[in-house]
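Coordinates in review
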Amino acid sequence: GGGAGEESVLSRLEDMRGLIQDVSRQFQDASQTTFVCVCIPEFLSLYETERLVQELTKQGIDTSVIIVNQLVCPPDAKKCEALAAQHSVSPQTVAAIAQSLNSARMGMQGKYLSQMHDLYEDFHLVTLPLLDNEVRGVENLKRIGGYLTKPYAPE
């Protein structure tokens, strides 16, 4: 009794074949599509990014851009001043505490970032800082998007 239903499903699948082939060709055309990998500078993320790059390359999909997100940066002077004023301590004290708390993570991230530069020397690597909040809204998206062409530099 399911012959008509099966034929209907097969007919719909056959109708979709052309669309699927068109999408596949578009994905494999680097002038139309580039897959941008986003990772963080840690072992598992680097490992999984490399697996992804290898698989996409096997499929003929361009992956010439990698975004390395959530880099811990040295303490920002303006933030240190604001925190110092809130807590009645010197900005230098706040900066020293922040540096102490972040130094291990910055060292670890630096090691993996260096490995990424070696592994992906022909790629466009974009680094983005660990932010205080989520990127929401057009202005914040534009600011972060600007880092794709002009590298992030701590203030």
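The text that follows walks through the structure, step by step, so that each part is easy to find. Because the structure is a prediction, the values reported are computed rather than measured. (Residues numbered from 1 in each chain as written. Predicted model: local features only at pLDDT ≥ 70, side-chain atom pairs only at ≥ 80, totals over all residues. Heavy atoms only, no water.)

Attention shifts here to the pairing of strand β2 (residues 65-71). Burial analysis of β2 places five of its seven residues in the buried class, which makes it a mostly covered element. Judged from the four bridges that link them, strand β1 (residues 36-39) and β2 form a sheet pairing that is parallel. Considered in β2, the bridge of V38 is made with I67. Considered for its hand, the β-α-β crossover made up of β1, helix α2 (residues 43-58) and β2 is right-handed. Taken together, the five bridges between β2 and strand β3 (residues 124-129) define a ladder with parallel strand orientation. Opposite I67, over in β3, you have V126 as the bridge partner. (Buried < 20%, exposed > 50% of the residue type's maximum accessible area, 1.4 Å probe, protein only. Helix = DSSP H or I, 4+ residues; strand = E, 2+ residues; numbered from the N terminus. Pairing = 2+ DSSP bridges. Right-handed = clockwise from strand over helix to strand, strands pointing away.)

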